[in-house]
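# Examining the three-dimensional arrangement
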Amino acid sequence: MPAPLPVPPMTAALRPDTEDAVVAAVADALADDAVLEIVGRGTKRGLGHAVRARRVLDLSALSGIVLYEPEELVLSARAGTTLSDIQAALAERNQALAFEPPDWGPLYGGPARAGTLGGAVAANLSGPARIRSGAARDHVLGLRAVTGRGELVKTGGRVVKNVTGYDLCKLLTGSMGTLAALTEITVKVLPAPEKIRTLLVLGADGAMALAAMETALQSPHDVSGAAHLPAYAAARSAVSYVSGAGASVTALRVEGPAPSVEARCLALKTLLAGFGPLEELHFRNSRTLWAEIGSASLLVRGGDPLWRISVPPTAGPRVGAVLARTLGAEIVADWGGGLLWARVPAALEDAGHASVRAAIARPGGHATLVRANDAVRASVPVFQPPAPGIARLNARIRDGFDPKRILNPGRMGAEP
Amino acid sequence: MKMPEADAGVLARRDAIVRDLRRLVPGEGVIAEEAGRRVYESDGLTAYRQLPLVVVLPEDTEQVSRVLRYCRDNAIKVVPRGAGTSLSGGALPLADGVVLGLAKLNRVLEIDYANRCAVVQPGVANLAISDAVAGAGYYYAPDPSSQVACTIGGNVAENSGGVHCLKYGLTTNNLLGVEMVLMDGEVIRLGGRHLDAGGYDLLGLVTGSEGLLGVVTEVTVRILRRPATARALLMGFPSSEAAGGCVAAVIAAGIVPGGMEMMDRPAIHAAEDFVHAGYPLDVDALLIVELDGPEAEVDHLVARVGEIAGACGAVSVRASETEAERLLFWAGRKAAFPAVGRISPDYYCMDGTIPRHRLPEVLARMAEMSSRYRLRVANVFHAGDGNLHPLILYDANAPGELEAAEAFGAEILTLCVAVGGVLTGEHGVGVEKRDLMGSMFSDTDLAAQQRLKCAFDPDLLLNPGKVFPVLHRCAELGRVHVHRGETRFADLPRF
């Protein structure tokens, strides 16, 4: 096997500032038999397998909000626009991205608040509100993108209800730049909540914590976040009520108009009284805590490998317990138990790959090795290995969009 | 409407094909005689009819797989069908094609409250899912108007919506997984009881693919807790501009109602004459806004929406005080289609979406078209999400009226695209809007979509003649054309 090429520095990048220039860059790569690594601001360059490309297609100059119509709940922006710019524009009109894109920059040692809309869509990011409001995939209304054939394609539209043609928005969202380079993205935006409260149940563990989350999620009180932090994770929170609890914390969020939030919070308190002592967080502390949960920052320490695992919610505690026991993993559970963040010791040679895949084989689900060093990511699959039938379909889909495999080759695993 | 040319060889082998299919699907599952096939000659788009070659009603995934593999091996086209309620001709048969009906796969397999999902077979009716979980206080959110009859398999194929989409999403936002059979008979599973996929979002791609990529044999849907309460407001406005302004103001105030429906004067009158819901008859636009959720929230928002409506010039505002009154407010809207059916021998239901603020202009242009085509039009509008359903009134027995109605409809949809909207919000492209796809997509866009068709069904046997104006051969689409970009990167090191 030839030695892998070094990952090139970002300064050697092509940095187009128009869509035409992106088309040209891809067409040139096709003509030159060259491959491209596509980046926005590079904040999630560590997600997926390293791309061994001599050319970097840097889309950070392709930026700016193209259209924002608050009363139509729609915003279009060029792919390199930062999420923080978009969120600032939305906040002025009391709106937000309801999929709650987490900030993973610091996970990879980068700066906070630097990620782009293109990156969030390419990685199909989603935050704690996934259980109620969906992931990026549920909010992308339209895309413009350049395929590996060097062709500009558009799909979807700028209206929230549209079934015209195949839903390429779904396919391209989460495809990690292996099908097309996104140039412009139209998203559905929603009103920001007037009020947010988080109810904390202290000291409930394992089955008890799951039961508390289930009780809240099965109630009619429209819970928009349900997470469980073991005592060691809670202790690292910047929110003093959480770090000072001295016990595990199960957090349940409600948001909406003020009278509604107050009424629901009260109802939830009654419902959950039997699970342990209760505490309540208001707007700012809620924001801080849920941002910590979405970005896994309560587990980030050093460069230890980090897994993000999606399973049926009831399987969460069991899978978490297995990984804690067999790998010594630290676990934070989100999505009512359906999402597990697992930090495993750096000493494990395969980052616990075999154990993680085995643990979710029976309940079903998928696991992504969100963070690990280059050597580990070169030796184990970062994304959930697809079943053979799905792998064949994926390869044929890739043939359609990028027949020469010039866009982010290898990023999602061995090239079919 | 031009459909793919029938394969004379397949037509000639009909008897042998029927015999073979009877072996694959024993019992009563193969319908060959003409009277039996006649039932399947059309779907909800009754203007088009075609007697199928044969109808097959498999009972399980294994039989679906065998039938598809057989048809692939013998180059026989297949048209999948749920309850046949499509309004775009998605299940229109082919003379040389097998209609594959999924009606016998009609069981609710499992309800999993702890994971808040239900696993059902594709032939289960949309409303039957909600009924199955209602006792525990749950429901399945997407509610197309045909929900009593339409099946969840058809909903997946069409990515069906309903009146609650703005808040609760379409089918695609409420699915967790499917089992499906590809044209070569291979059975695959996408998703499960967990959220999102690890690789490409094939579940998202398959949803709304109109039966061109595979045949769904099992569906896992999310179920939601039914909101504690729901109330509706019935509000009359002197103009569609004023009603549209009210919709925009409600959303600008940060309120996302569970449903927000608008009707124009002809639709109001037809509905009121039919169901006597107490709609005001002296207004040009009627708005029904439904708020659902916790009681405290609903009461609070009903008051706010009422205030906003007053400020926007509403001439009448009524809020439902009882569940019976809420249902009465909806009765007229839900009966709008049959109500229009009473005042005209036939009507043609269109389905475009527009940016909401273009509504007054679109209605004005439609009134102009109405006088030009000499056909009346009534409008019902999912105002929250911009999805417009003009109902064109015509008489199929009057020479030329069907053709005029179709031309009128095409002009409306082209207008929707021209103002920044799309050809179809929830009914699908099918055969109906197939030839208008070029107004929204370039040849390059359509080729990219069709290459997906090739990835799943390289012989183009599954539901051909739908969605794509021209089906190119896959080998032709696969070629790579290399031409350098015009904006050169002169300083680029070349290897």
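Residues numbered from 1 in each chain as written. Chains lettered and ligands numbered in written order. Predicted model: local features only at pLDDT ≥ 70, side-chain atom pairs only at ≥ 80, totals over all residues. Heavy atoms only, no water.

Residues and elements named next belong to chain A. Domain annotation of chain A identifies domain 1 (1–192 + 386–416), domain 2 (195–295) and domain 3 (306–379). Each of domain 2 and domain 3 has a C-alpha centre, and these two points are 23 Å apart. On the domain 2 side of the interface with domain 3, the three residues burying the most area are Leu210, Tyr232 and Ile293, jointly 39% of the side's total. Run the count over domain 2 and domain 3 and you get one salt bridge. Glutamate 330 serves as the salt-bridge partner of arginine 236, at 2.9 Å between the closest nitrogen and oxygen. There are five residue pairs in polar contact (both at pLDDT 80 or more) connecting domain 2 and domain 3. If you list the elements that add at least two residues to the side of domain 2 that touches domain 3, you get α6 (206–217), β12 (225–229), α7 (231–234) and α10 (283–294). Classifying every residue of the side of domain 2 that touches domain 3 gives eleven nonpolar, two polar and two charged. (Domains from an automatic or database assignment. Buried area = accessible area lost by both parts, 1.4 Å probe. Salt bridge = Lys/Arg side-chain N within 4 Å of Asp/Glu carboxyl O. Polar contact = N/O pair within 3.5 Å; in protein donor to acceptor, adjacent residues only side chain to side chain. Helix = DSSP H or I, 4+ residues; strand = E, 2+ residues; numbered from the N terminus. Nonpolar A, V, L, I, M, F, W, Y, C, P; charged D, E, K, R; others polar.)

Glancing now at the pairing of strand β4 (residues 97–101) of chain B. All names here are of chain B. Counting buried residues along β4, five of its five residues qualify, which places the element largely inside the surrounding structure. Side chains of β4 alternate between two faces, with Gly97, Val99 and Gly101 and Val98 and Leu100 buried alike. Relative to β4, strand β2 (residues 54–56) runs parallel, the two being bridged by three bridges. What sits directly across from valine 56, in β4, is leucine 100. Pairing of strand β3 (residues 77–81) with β4 involves five bridges; the strand directions are parallel. Bridge pairing in β4 places valine 78 opposite valine 98. (Buried < 20%, exposed > 50% of the residue type's maximum accessible area, 1.4 Å probe, protein only. Pairing = 2+ DSSP bridges.)

Attention now goes to the packing of aromatic side chains. As enumerated under the stated definition, the model contains six aromatic pairs over all chains in all. Note on tyrosine 139 of chain B and tyrosine 168 of chain B: the rings are 6.3 Å apart at their centroids and 80° apart in plane angle, and the pair reads as edge-to-face. Taken together, the residues span a long stretch of sequence, with tyrosine 139 of chain B in strand β7 (residues 138–139) and tyrosine 168 of chain B in helix α7 (residues 165–168) at a distance of 29 residues. What makes tyrosine 139 of chain B buried here is its relative accessible area of 8%. Between phenylalanine 337 of chain B and tyrosine 347 of chain B, the ring centres sit 6.2 Å apart and the planes meet at 65°, which makes this aromatic pair edge-to-face. In this pair, phenylalanine 337 of chain B is assigned in helix α13 (residues 336–343) and tyrosine 347 of chain B in strand β16 (residues 346–349), connecting sequence segments ten residues apart. A residue is classified by how much of its surface remains accessible, and phenylalanine 337 of chain B, at 15% relative accessible area, is buried. Lying across the ring of tryptophan 290 of chain A, arginine 253 of chain A places its NZ or CZ 4.8 Å from the centre. (Phe/Tyr/Trp six-rings, centres within 6.5 Å; stacked < 30°, edge-to-face > 60°. Lys NZ or Arg CZ within 6 Å of the ring centre and 35° of its normal.)

Once that is clear, we can look at the environment of arginine 55 of chain A. Residues and elements named next belong to chain A. Among the secondary structure elements, arginine 55 is positioned in strand β3 (residues 55–58). Judged by relative accessible area, arginine 55 falls into the buried class, the value being 3%. Sequence separation between arginine 55 and alanine 34 is 21 residues, and the spatial gap between their C-alpha atoms is 7.5 Å. Within the local environment of arginine 55, its side chain forms a polar contact with the side chain of aspartate 32, the two groups lying 2.7 Å apart.

Another point: unusual backbone geometry. Residues and elements named next belong to chain A. Despite not being glycine, tryptophan 335 has its phi angle at roughly 50°, a positive value. Relative to the helices and strands, tryptophan 335 resides in the loop between β16 (330–334) and β17 (339–343). Since its relative accessible area comes to 3%, tryptophan 335 is described here as buried.

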